[in-house]
Amino acid sequence: VLHSDRHSQPNSRAFAIIVNGRAVDATDAMSVAAALMRAGIPCRTSVRGEPRAALCAMGICFECAATVDGVPLCRTCQVPCREGMEIVTA
Amino acid sequence: MSAALRVVVVGAGPAGMAAATIAAECGCQVRLLDENPAPGGQIWRNYDAEAARQSPHRREFTAWMTRLQASGGVCEAGSSVVDCPSANVLRVERDGHWFDVAWDRLIVATGARERFLPFPGWTLPGVMGAGAVQALAKSGLPVAGKTIVVAGSGPLLLAVAAFLNRAGAGIAGVFEQAAPLRLARLAATLAAHPHKLLEGAHFRWQLRAAQYKSGWWVKRAEGRERLESVVVTNGRAEREIACDLLACGFHLVPNLELAQLLGCRIESGLVAVNAVQETSIRGVYCAGEPTGIGGLDKALVEGEIAGLAAAGRLSEAARKLPRRQSLRRFAQNLDRAFALRAELRALSTAETIVCRCEDVTRGELEACATGRAARLHTRCGMGPCQARICGPATEFLFGWTVASARPPLYPARIRTLAGDDPHSAPVAASDTQPMP
């Protein structure tokens, strides 16, 4: 599935994470924010209803905040993917 | 015999790693806290990964990491400092639990973040910071085959573009807002730091196929649900460039929040320190970007000085002062070279969102006389980032400054703030061994 990514992540292990109930490709060398951006899924919807994705990628801006395994407002750029992890974007 | 001095270092970038290592080598009991998943800070992010083998400064990172592990200093990654509940105590959240950390000496090495400026379209998915695209690529985002425009300001732009180019991305252009003359003046001052000049030249060589333009900036980003193209300008001509990602950051701003919460004196937007990195608060030291944006070398020497000083080795610390002074001059030269041009104030329109957490537009902010009024009337800066993104922008646009920080430094759980049900966090050996 992640053949094109193997070049940059030689020893990573591929699996799926669950985003809004749907399986999304990920590896253990990916942050959740990276997996979401790779799949073209926004991390959150803004106050006015705009789709938003990672801006700073270093845990500052909260644009990549989503619910991870039931914990709301997680900065997904700081969270490594784990197999079967459940993400809910709002 | 008295117990070993407890030295707590916040931030495991170069400054924090150097400070923690040296203080531990001097016999202090050291805990190094960092909110990122692994040590290294931004410049050394994911340097323990296989893919970082080709990265510049890799050897320096490995040397410090090895030395830190041998020093007995304990690195606790994934740990966010959220509060200072009492004197000489930090409250830390990790994996949804909290614990308090007591210190005899505290070293603040919280680094810097990118400065973001609002322009039409900057909230579209696919518009990110320059360092941000690099960080996300290091965190597993595949960029091979993607078309990326790099823009904004600062020495980071070339480094990021070169990194993305090595990773297989197509760099559709690097647009530095600073005028060519300012960059030429900066280059002339670099005789004292020839390796920096060499590194810049090396990046330019790697990017020889891509256009590099100084005196150009992004005017707007376009796209429906996500970024599709950007328009760049030099104030006279305009060009539209189709792209997948825009990597756009306007140099760096220091992370001052912890220092502010501790009550450290801030001067001209930087943490004020004496010759051995001690702040206005006794026993609290600061090293690296919060004392002036100067990059890796300045961070390392300031970290070494702070580590020595915290351990009481003042004369050894003082011997490093000349090198620190030279690197501080370099930092000031960077500030001058990459000062923001006035035209950037006019990029955002009345409809452009400035505060992304609360979706407050420039038009709404212009109706407010002060930053305080804007917070009260529009909630600008009151969202989860706590003005870390819009604060530097409104300072540039309107001259509003964020004078203080209030706890929690990050959105924290209620039981963390209340101090209920503490998690006795044992210092796990695995925390210190992020590297194979």
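Coordinates for the structure precede this section.
Residues numbered from 1 in each chain as written. Chains lettered and ligands numbered in written order. Predicted model: local features only at pLDDT ≥ 70, side-chain atom pairs only at ≥ 80, totals over all residues. Heavy atoms only, no water.

## As for the environment of Ala29 of chain A
All names here are of chain A.
Thought 1: The topology assignment puts Ala29 in the loop between strand S2 (22–27) and helix H1 (32–39).
Thought 2: Here Ala29 falls in the partly exposed class, since its relative accessible area comes to 32%.
Thought 3: Sequence separation between Ala29 and Ser12 is 17 residues, and the spatial gap between their C-alpha atoms is 5.7 Å. (Helix = DSSP H or I, 4+ residues; strand = E, 2+ residues; numbered from the N terminus. Buried < 20%, exposed > 50% of the residue type's maximum accessible area, 1.4 Å probe, protein only.)

## Observations concerning the sheet that holds strand S3 (residues 74–76) of chain B
All names here are of chain B.
Thought 1: Taken in spatial order, the five strands make up an open sheet running S3-S2-S1-S7-S20, and their pairing is parallel. The open sheet has two edge strands, S3 and strand S20 (284–286), and neither has a second partner. Each adjacent strand pair in this sheet contributes to an overall mean axis angle of 20 degrees, direction not counted.
Thought 2: Lying on the sheet, helix H1 (residues 14–25) is in contact with strand S1 (6–10), strand S2 (29–33) and strand S7 (105–108); it crosses S2 at an angle near 165 degrees. (Pairing = 2+ DSSP bridges. Axes fitted to C-alpha atoms, helices over the stretch in contact; angles between N-to-C directions. Contact = heavy atoms within 4.5 Å.)

## Quick word on the interface of chain A and chain B
Thought 1: The interface of chain A with chain B comprises 35 residues on the first partner and 43 residues on the second.
Thought 2: Summed over both partners, the interface of chain A with chain B comes to about 3200 Å²; 60% of that surface belongs to carbon and sulfur atoms.
Thought 3: Its largest share of buried area at the contact with chain B, chain A owes to Leu55, Met58 and Ile60 of chain A, together 23% of the area lost on that side.
Thought 4: There are four salt bridges connecting chain A and chain B.
Thought 5: Put simply, Arg52 of chain A and Asp359 of chain B hold a salt bridge, and the shortest N to O gap is 2.7 Å.
Thought 6: Taken together, the connections running from chain A to chain B amount to 13 residue pairs in polar contact (both at pLDDT 80 or more).
Thought 7: Listed by contribution, the elements that provide at least two residues to the side of chain A that touches chain B are H1, strand S4 (51–52) and strand S6 (71–75) of chain A.
Thought 8: Here the element with the most residues in the side of chain A that touches chain B is H1 of chain A; it accounts for four residues. (Buried area = accessible area lost by both parts, 1.4 Å probe. Salt bridge = Lys/Arg side-chain N within 4 Å of Asp/Glu carboxyl O. Polar contact = N/O pair within 3.5 Å; in protein donor to acceptor, adjacent residues only side chain to side chain.)

## Topic: the nonpolar core
Thought 1: With 73 residues, the main nonpolar core has Leu90, Leu106, Phe119, Val230, Leu246 and Leu258 of chain B as its most contacted residues.
Thought 2: If you tally residues by element for this core, the top one is helix H7 (residues 257–262) of chain B, at four residues.
Thought 3: Counting residues in each nonpolar core, the second largest holds 53 residues, with Phe15 of chain A together with Met128, Leu136 and Val150 of chain B among its members. (Core = buried A, V, L, I, M, F, W, Y, C linked by side-chain atoms within 4.5 Å.)

## Focus: empty space enclosed by the protein
Thought 1: Going through the model one piece at a time under the given rule, you end up with two cavities of 30 Å³ or more.
Thought 2: Around the largest cavity, the lining residues are Leu55 of chain A together with Phe116, Leu117, Phe119, Trp122, Val127, Met128, Cys248 and Phe250 of chain B.
Thought 3: Secondary-structure elements contributing two or more residues to the lining of the largest cavity are strand S9 (127–128) and strand S16 (245–250) of chain B.
Thought 4: What the second largest cavity holds in volume is close to 30 Å³.
Thought 5: Lining the second largest cavity we find Leu158, Val174, Arg204, Leu207, Ala210, Gln211 and Tyr212 of chain B.
Thought 6: Residues that form the lining of the second largest cavity fall into these classes: five nonpolar, one polar and one charged. (1 Å grid on protein atoms, 1.4 Å probe; cavity = no way out; pocket = protein on both sides within 12 Å on 5 of 7 lines; lining within 4 Å. Points joined across faces, edges and corners; volume = space filled by probe spheres on them. Nonpolar A, V, L, I, M, F, W, Y, C, P; charged D, E, K, R; others polar.)

## Details of H1 of chain A
Thought 1: Within H1 of chain A, six of the eight residues are buried, leaving the element largely enclosed by the surrounding structure.
Thought 2: Every buried residue of H1 of chain A is listed here: Val32, Ala33, Ala34, Ala35, Leu36 and Met37 of chain A.
Thought 3: Buried residues along H1 of chain A sit against strand S1 (14–19), S2 and strand S7 (86–88) of chain A together with S9, helix H3 (130–138) and S16 of chain B.

## Structural notes on the packing of aromatic side chains
The description of an aromatic ring pair rests on the distance of the ring centres and on the angle between the ring planes.
All names here are of chain B.
Thought 1: For the coordinates displayed, the defined rule picks out five aromatic pairs over all chains.
Thought 2: Relative to Phe61, the ring of Trp44 has its centre 5.5 Å away and its plane inclined at 65 degrees; by these criteria the two rings are edge-to-face. Here Trp44, found in the loop between S2 and helix H2 (58–71), pairs with Phe61, found in helix H2; they are 17 residues apart in sequence, far enough to count as distant.
Thought 3: Its relative accessible area of 1% is what places Phe61 among the buried residues.
Thought 4: Their ring planes at 45 degrees and their centres at 6.2 Å tell us that Phe175 and Trp216 sit as a pair that is tilted. Residue Phe175 is located in strand S11 (residues 170–176), and its partner Trp216 is located in the loop between strand S12 (212–214) and strand S13 (217–222); the two are separated by 41 residues in the primary sequence. An identical accessibility class is assigned to Phe175 and Trp216; each is buried.
Thought 5: Over the ring of Phe396 we find Arg345; its NZ or CZ atom is 4.3 Å from the centre of that ring. (Phe/Tyr/Trp six-rings, centres within 6.5 Å; stacked < 30°, edge-to-face > 60°. Lys NZ or Arg CZ within 6 Å of the ring centre and 35° of its normal.)

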